[in-house]
Amino acid sequence: MKGVLVVAGLATVACGGSGGGLDDDTYVQVMARLSWARARYADTAEGDSVRAAALDEHGVTGQQLEDFVARLGDDPGRMQRLWEAIRLEVEVLDGVPRPESQLDVPDAERQESR
């Protein structure tokens, strides 16, 4: 599944620009948005727009994403942690509350859990 998301995410971005430095948090945010857009909009023009906006918003190019992944090739543990973070961010984009979030729990249930 992780490999599919990498390929799907990278296949949807326009390559270009220099490699530059990309930090873990930015990578997670961008790849989550790209993965979410790919799943939600498939191959529509709207999806292309959402994916392009994700890159623009973070000032990231497809080449930077590819370079980041290439640098992580020798650290599978780190890549696994990043993909878990990406998965959680995609769930947030889908409207699934984070486990620590109490915002979506009705007040009555909060009272009972105390």
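Our structure's up above, just so we're on the same page.
All of these numbers come straight from a predicted model, not from anything done at the bench.

Asker: How should the packing of aromatic side chains be read in this particular structure?
Answerer: What characterises a pair of aromatic rings is the spacing of the ring centres plus the angle enclosed by the ring planes. The full count for this structure, using the stated rule, is 2 aromatic pairs. Taking the centre distance of 4.4 Å and the plane angle of 25° together, the rings of Tyr27 and Phe68 count as stacked. Of the two residues, Tyr27 sits in helix 2 (residues 24-41) while Phe68 sits in helix 4 (residues 62-71), which places them 41 residues apart along the sequence. When sorted by exposure, Tyr27 lands in the same class as Phe68, which is buried.

Asker: Could you clarify how one ought to interpret the pattern of salt bridges in this entry?
Answerer: In a structure, side chains of opposite charge can pair up when their charged atoms sit close to one another. If you walk through the whole model with that rule in mind, you get 5 salt bridges. Arg51 is paired through a salt bridge with Asp48; the nearest N and O atoms lie 2.4 Å apart. Here the residue Arg51 and the residue Asp48 both occupy positions in helix 3 (residues 45-58), the gap between them amounting to 3 residues, near one helical turn. Taking the relative accessible area as the measure of exposure, Arg51 reaches 3% and is therefore buried. One salt bridge connects Glu91 with Arg87, and the closest N-O pair in it is separated by 2.6 Å. Of this pair, Glu91 and Arg87 both sit in helix 5 (residues 76-93), separated by 4 residues, roughly a single helical turn. Classification of Glu91 as partly exposed rests on a relative accessible area of 28%.

Scoring rules and cut-offs
Residues numbered from 1 in each chain as written. Predicted model: local features only at pLDDT ≥ 70, side-chain atom pairs only at ≥ 80, totals over all residues. Heavy atoms only, no water. Phe/Tyr/Trp six-rings, centres within 6.5 Å; stacked < 30°, edge-to-face > 60°. Helix = DSSP H or I, 4+ residues; strand = E, 2+ residues; numbered from the N terminus. Buried < 20%, exposed > 50% of the residue type's maximum accessible area, 1.4 Å probe, protein only. Salt bridge = Lys/Arg side-chain N within 4 Å of Asp/Glu carboxyl O.

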